[in-house]
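# Inside the fold
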Amino acid sequence: MLNRWEPLRGRLCRDRLHRMLWEMVEIYSPSGKEEDIQCYLEGILQSAGLEVHRDCLDETRFNLRCVMGQGEPDFYLVGHVDTVADFELQERGPRQQGGILCGLGSADMKAGCAAMIESFLTLAEHLPPEQRPSVGLLLAVGEEEDGAGSLAFLANHRPAWVVIGEPTGLQACFSHYGYLEVVLTTSGRRSHTSLPEHGHNAIESMLQVLLHLGRAPLLRRPDGGLVYSIREMNSSRAGFVVPDRCEALIDLHLPPSLDLEKTVTTLRRRLASASRHIHGLELEVDIPWANRGYDLGTDHWPGHTLPGIYSRLERPLAFTAFRSHSDGNLFFEKGCHPLLLGPGALETAHTWSEQVSLEELDLAAAIYLGLCLAAPPPRQTRWLATEDSGDPERSEIRPVID
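What counts and how
- Numbers given for residues are sequential positions, taken from 1 along each chain in its written order.
- Only residues with pLDDT of at least 70 are given local features in this predicted model, and only at 80 or more are side-chain atom pairs given and counted; all residues enter the totals for whole chains, interfaces and linings.
- Computation of side-chain values: all heavy atoms of the structure, hydrogens and water removed.
- Nonpolar core, defined: a set of buried Ala, Val, Leu, Ile, Met, Phe, Trp, Tyr and Cys residues in which side-chain atoms within 4.5 Å join the residues together.
- Type-normalised accessible area, obtained with a 1.4 Å probe on protein chains alone, sets the label of each residue: buried when under 20%, exposed when over 50%, and partly exposed for intermediate values.
- Strands are runs of DSSP state E lasting at least 2 residues, helices are runs of H or I lasting at least 4, and numbering of each runs from the N terminus.
- Note on contacts: a residue pair is in contact if any heavy atoms of the two residues lie within 4.5 Å.
- Criterion for a salt bridge: a side-chain nitrogen of Lys or Arg within 4 Å of a carboxyl oxygen of Asp or Glu.
- Throughout, the protein atoms alone are placed on a 1 Å grid, and a set of points is a cavity if a 1.4 Å probe fits but cannot get out or a pocket if it is open with protein on both sides within 12 Å along at least five of seven lines; lining residues have an atom within 4 Å of a point.
- Grid points are joined across faces, edges and corners, and a volume is the space filled by probe spheres set on the points.
- Residue polarity is assigned by list, with Asp, Glu, Lys and Arg as charged and Ala, Val, Leu, Ile, Met, Phe, Trp, Tyr, Cys and Pro as nonpolar; anything else, Gly included, falls into the polar class.
- Residue-level confidence of the predictor is summarised by pLDDT, bounded by 0 at the bottom and 100 at the top.

Quick look at the nonpolar core now. Ranked by internal contacts, the top residues of the largest apolar core, which has 82 residues, are F75 and L341. Broken down by element, the residue count for this core peaks at twelve residues, all from helix 12 (residues 358-374). Once residues lying within four places of it in the same chain are set aside, the contact partners of L341 are V163, I164, G165, E166, T168, L170, Q171, A172, L306, Y310, I367 and Y368. Core analysis: the second largest hydrophobic core is formed by 24 residues, A248, L252, L271 and I278 among them.

Moving on, we get to the pattern of salt bridges. Applying the stated criterion across every chain, the model contains 13 salt bridges. Put simply, R16 and E118 hold a salt bridge, and the shortest N to O gap is 2.8 Å. Taken together, the positions of R16 in helix 2 (residues 14-26) and E118 in helix 5 (residues 106-126) put the pair 102 residues apart, joining distant regions of the chain. When sorted by exposure, R16 lands in the same class as E118, which is buried. Here E34 and R61 are joined by a salt bridge, their closest N and O atoms 2.9 Å apart.

Moving on, we come to the layout of surface pockets. Regions of empty space are outlined by a rolling probe, equal in size to a water molecule, passed over the atoms. What the largest pocket holds in volume is close to 840 Å³. Listed by contribution, the elements that provide at least two residues to the lining of the largest pocket are strand 9 (178-187), strand 10 (227-235), strand 11 (245-254) and helix 11 (327-333). Taken together, the residues that form the lining of the largest pocket break down as nine nonpolar, six polar and twelve charged.

Taken over all residues, the pLDDT of the protein has a mean of 92, while the share at 70 or more is 93%. This stretch, residues 381-402, has a pLDDT under 50; its non-local contacts, to residues over four places away or in other chains, come to 27 contacts.

Written as structure tokens, this is what we have:
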């Protein structure tokens, strides 16, 4: 693989890659409004003679899927083109400071998408069709909201391996934290703010619930690795009155070794015990998102391939766990093996200082190119629904290797 990769990585077009990323960041593409950027990227891929499929979610939203080689690929490069919604950040537009490109979506994850596209363009331009590896490229929508694009892809495709270009600083994340989104709602009773004793303040109840939860042993173990963040809190607005409703959104990121079901049970028990300490508490608990973590180890073809690539690039290789929620959780739950690896630093994503190093961007394109060339040929895989209650909507899908 390295003998084929060395001359090809010299054909990667840095100027085209940097220009493509700049233009991608210029296009505001929050979840739900990805049509403009998808049309732009579709044109780039088609200009290289690649066949691009639009997989539609609705009238205006679609994934882009591009494949090369023979057969249905068992390896895909996966990127999401949407960003968080923040027009104030987007108004600043892309800007470059030395070797750093800044702007909304630059790290999360338009840089990863651009590097993946550049690797595909290089393969298409410099290898005849019969010599191209059997690999796929998925540019998905909706990751920042509900993973709609990846779920739509997974309804019809189950590659054995995917590389997702989330910002990892080019560290290889074969393990991934699990994720819980918890919605807490407290109810109270309105009264005029000058007479709060006649009402029940839902905000005060919520603050006490959060303090009670924050003292839980589950969240206070220094070696536990669990990440606990209060993301939002808002209350009813009805004028000059004590609020009768308050809602808080909490993110819990669970290290791969932490059991998801046990964590949920422990969390619910802790919240249920809050009523013993908080007078008049009315609390609702909802967990709309619950994804388990995973650890794939390093004894597999991508784990064996990366050391050679990084050595040739004179880049240290580090294996770590991805701490945030991502579509990697969804791919894993559907039986795929996700490696998260991309340019940029996660800590800057969604912030005023979101940025990516152009050096990392170039290296990412070379790494994706090497992984494409190293990917094994497709398995002869078909997907069958297992028998269950007879409801096809609830049937599990399992792989059968012919």
